[in-house]
Amino acid sequence: HELAGPRRVRVVRLDEAAKLHRRKRRLEVARLRGRAKLDEPLARLIRHIRRHADVETLETLTEASDQLNRTIGRTRSLSNLLDAALTASLAQTGIQQNEDMRKISAWVAMAAVPTLIAGVYGMNFDHMPELDSAVGYPLTLAVMGGIVVALHRFFKRNDWL
């Protein structure tokens, strides 16, 4: 039940990253970027007809150029904002994945100790001192448990678990 919360959050983060990526690539941004291509021809037109056009036409074209420049600026700001949000979202996802990998590694390390000791005992050696002792088996289990508990405390103290 505890894992349901972080998984839901992680899925939302990945969905948000996907949404940001789609928004970045959407036609609105691409279409608005296309307006930047109009800046140079409009500026050339204004320079060319400045001598021949009446004041009202010139003011209208200048106002259109100003609006186009503001739109281009907003488009660039929106694009940069989406880039920053996407980068932050991906960084956050990477951090979460690193935390998950640390937890998985810690649990694997704790499982490896009893597996190793049991593997040695499974080799059926004839001359192991603890095989003839009445406390050999319980002592071996206690050592395995102690090592696992020590590893668990170590990993908890270092924020791996």
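All of the points below concern the structure found in this document. (Residues numbered from 1 in each chain as written. Predicted model: local features only at pLDDT ≥ 70, side-chain atom pairs only at ≥ 80, totals over all residues. Heavy atoms only, no water.)

1. What to know about the overall build of the chain
The test is simple: What counts as a helix is a DSSP run of H or I of at least four residues, what counts as a strand is a run of E of at least two, and both are numbered from the N terminus. Classification of residues uses two cut-offs on accessible area relative to the type maximum, computed with a 1.4 Å probe and protein chains only: under 20% is buried, over 50% is exposed, and between them is partly exposed. By definition in these notes, contact holds between two residues if any of their heavy atoms fall within 4.5 Å. The Shrake-Rupley method, run with a 1.4 Å probe sphere, supplies the accessible areas, and residue values consider only the shown protein chains as cover.
Looking only at helices and strands, one finds 4 helices and 0 strands in the chain. Every one of the 161 residues in the chain was classed for burial, and the buried ones make up 19%. The long-range share in the chain, meaning contacts at least 24 apart out of those at least 6 apart in sequence, stands at 70%. On the chain, roughly 12,300 Å² of surface is accessible, and the fraction owed to carbon and sulfur atoms is 60%.

2. Some points on the packing of helix 3 (residues 55-121) against helix 4 (residues 136-157)
In plain terms, the rule: Lines fitted to C-alpha atoms define the axes here, with helix axes fitted over just the stretch in contact, and angles between the N-to-C directions of these axes take values from 0 to 180 degrees. Roughly parallel here means an angle under 35 degrees, roughly antiparallel means over 145, roughly perpendicular means 65 to 115, and every remaining angle is called oblique. The hand of a helix crossing depends on one turn: near helix anticlockwise from the far one by less than a right angle means left-handed, and clockwise means right-handed. Here the term charged refers only to Asp, Glu, Lys and Arg, the term nonpolar to Ala, Val, Leu, Ile, Met, Phe, Trp, Tyr, Cys and Pro, and the term polar to all other amino acids, Gly among them.
Taken N-terminus to C-terminus, the directions of helix 3 and helix 4 make an angle of 165°; their axes are 9 Å apart at the nearest point. Taken as axis vectors, helix 3 and helix 4 run roughly antiparallel relative to one another. Considering how the two elements wind past one another, helix 3 and helix 4 form a crossing that is right-handed. Note on element contacts: helix 4 touches helix 3 through Thr140, Met144, Ile147, Val148, Leu151, His152 and Phe155, opposite Ala106, Trp107, Ala109, Met110, Val113, Pro114, Ile117 and Tyr121. Along the lines of polarity and charge, the residues of the contact of helix 3 with helix 4 split into 13 nonpolar, 2 polar and no charged.

3. Focus: the environment of Arg47
With respect to the helices and strands, the residue Arg47 is situated in helix 2 (residues 27-49). A residue is classified by how much of its surface remains accessible, and Arg47, at 47% relative accessible area, is partly exposed. In this structure the C-alpha to C-alpha distance between Arg47 and Leu58, which are 11 residues apart in sequence, comes to 9.7 Å.

4. Some remarks on a negative patch on the surface
Rules: Patches in this entry comprise residues that are over 30% relatively accessible and not in a salt bridge; like charges within 9 Å are linked, as are nonpolar side chains (Val, Leu, Ile, Met, Phe, Trp, Tyr) within 5 Å. Just to be clear on terms, a salt bridge is a Lys or Arg side-chain nitrogen sitting within 4 Å of an Asp or Glu carboxyl oxygen. Charge assignment: positive for Lys and Arg, negative for Asp and Glu; neither His nor the chain ends contribute. Every charge is mapped onto a representative atom, which is NZ of Lys, CZ of Arg, CG of Asp or CD of Glu.
Among the surface-exposed residues, Asp54, Glu56, Glu59, Glu63 and Asp66 lie close enough to one another that they form a single negatively charged patch. With respect to the helices and strands, the residue Glu59 is situated in helix 3.

5. Description of the nonpolar core
As a reminder, the rule being used: In plain words, nonpolar cores are sets of buried Ala, Val, Leu, Ile, Met, Phe, Trp, Tyr and Cys residues tied together by side-chain atoms within 4.5 Å.
Core analysis: the largest hydrophobic core is formed by 7 residues, namely Leu42, Ile46, Ile49, Leu58, Leu61, Leu68 and Ile72. Secondary-structure elements contributing two or more residues to this core are helix 2 and helix 3. Here this core gets 4 residues from one element, more than from any other, and that element is helix 3.

6. Things to note about the pattern of salt bridges
All chains considered together, the criterion is met by 2 salt bridges. Residue Glu40 pairs with Arg44 through a salt bridge whose shortest N-O separation is 3.7 Å. Taken as a pair, Glu40 and Arg44 lie in helix 2 at a separation of 4 residues, close to a single helical turn. Its relative accessible area of 44% is what places Glu40 among the partly exposed residues. When its relative accessible area of 46% is taken as the criterion, Arg44 is described as partly exposed. Connected via shared salt-bridge partners are Glu40, Arg44 and Arg47.

7. Side note on unusual backbone geometry
The general pattern is negative phi for most residues beyond glycine and trans for most peptide bonds. Unusually for a residue other than glycine, Asp159 sits at a positive phi of about 60°. Mapped onto the fold, Asp159 is located in the segment after helix 4. In this structure Asp159 comes out as exposed when scored by relative accessible area, which is 58%.

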